[in-house]
Each structure stands twice: as C-alpha cells, then as structure tokens.
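This is what each chain is made of:
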Amino acid sequence: MAEKKSGIDQKLIRDLANILNDTDLTEIEVEQDDLRIRVSRNGTPVMMPQQMQGYAYQAPAAPAPAAAPAAAAAPAAPAARDLSNAVTAPMVGTVYLSPAPGARAFVEVGQTVKEGQTLLIIEAMKTMNQIPSPKSGKVVEIIIDDASPVEYGEPLVIIE
C-alpha cells in the first residue's frame, strides 16, 4: 500500500514511463474509472481539470545515446527557416516518403507539384494516409526523413 499515494498508483506510472522508453513513444495516456494518467516524454507536468479527476506526470528523460547531440543540434536549424509555406502533419504517425520500401519518392526537392498530388504517407494506427499538397508549387525542402515519427502540426514539406 506504500506505492499508492493520494490515489495515484506509482507503479503504474513507472510502468507507463518504461513503456515510453521501450517503444520510443512520446506520450501515453491511460484512463481507468475516474482516474486519467498521462505520461509524456516532452512538455511539462499538467494537472487535468478537477472534473476529470486525472493526473499528468512528466516522465524522466531517457539517457541520450551518443548520436543524440548531433540530432539535437539539427532542430535549431529550422528556426531560421520560413515555415509559412510548410505543409504540416495533420496527424501523429510515421512518415513514409515513398509508396513502398525501395520505391521512388512521391516528390523530390525542386519538383513542381499540383494541388491534391500526394506528397507523402503518414501511417497512423496501421492505416496508410496519403497527404496531398494543399496547393500547386515547387517543392523547396523536404524537412522530415523517411520512416520518421511525426507529431500533429509538425512541418513536413515546404512548397512555394
């Protein structure tokens, strides 16, 4: 009974944090009866509204691998980008730049695309979702790498 404190099951939170580390997920949420627990790798701890009777917990960050410092430097570069023409992710999932492994990419930098043309695929819950171009124009930059996880609203491709 020492693990339960104020109605929060500490072991459950640790188990959820371990699932995040094992699966490379960024967030997991569990709801049971009137208790809702969200464990997130990014962000700050958040207390849910009182009527939800839930708790949010900030999972401790996993130790970064040796290659992480180079990857961590990369996100600083997009701050200089003009993202006003960026096509953003409409959902959370995994991005694929081609219709099949080893196949030619849907679009390439410098290519002219038409409105509605498929730019890439986002796999979400084992469903392949084609992401169309919202406008005609030239592909200036492909920001995301093939088979990369993507969050909602994250810039994917810049079309001018």
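Not measured: the values here are computed from a predicted model. (Residues numbered from 1 in each chain as written. Predicted model: local features only at pLDDT ≥ 70, side-chain atom pairs only at ≥ 80, totals over all residues. Heavy atoms only, no water.)

### With respect to the overall build of the chain
Thought 1: Along the backbone of the chain there are two helices and 13 strands.
Thought 2: Per-residue burial for the chain yields a buried fraction of 26% across its 160 residues. (Helix = DSSP H or I, 4+ residues; strand = E, 2+ residues; numbered from the N terminus. Buried < 20%, exposed > 50% of the residue type's maximum accessible area, 1.4 Å probe, protein only.)

### A look at the pattern of salt bridges
Thought 1: Scanning the model with the defined rule gives one salt bridge in all.
Thought 2: In this structure, the salt-bridge partner of Arg104 is Glu108, at a minimum N-O distance of 3.7 Å.
Thought 3: Assessed through its relative accessible area of 36%, Glu108 is described here as partly exposed. (Salt bridge = Lys/Arg side-chain N within 4 Å of Asp/Glu carboxyl O.)

### Some points on the pairing of strand 13 (residues 155–159)
Thought 1: With four of five residues buried, strand 13 lies mostly within the body of the structure.
Thought 2: As defined by bridge partners, strand 6 (residues 86–88) adjoins strand 13 across three bridges and the pair is classed as antiparallel. The residue of strand 13 that forms the bridge with Thr88 is Pro155.
Thought 3: Strand direction decides the pairing type here: strand 11 (residues 137–142) and strand 13, joined by three bridges, are antiparallel. Looking across to strand 13, one finds that Glu141 is bridged to Ile158. (Pairing = 2+ DSSP bridges.)

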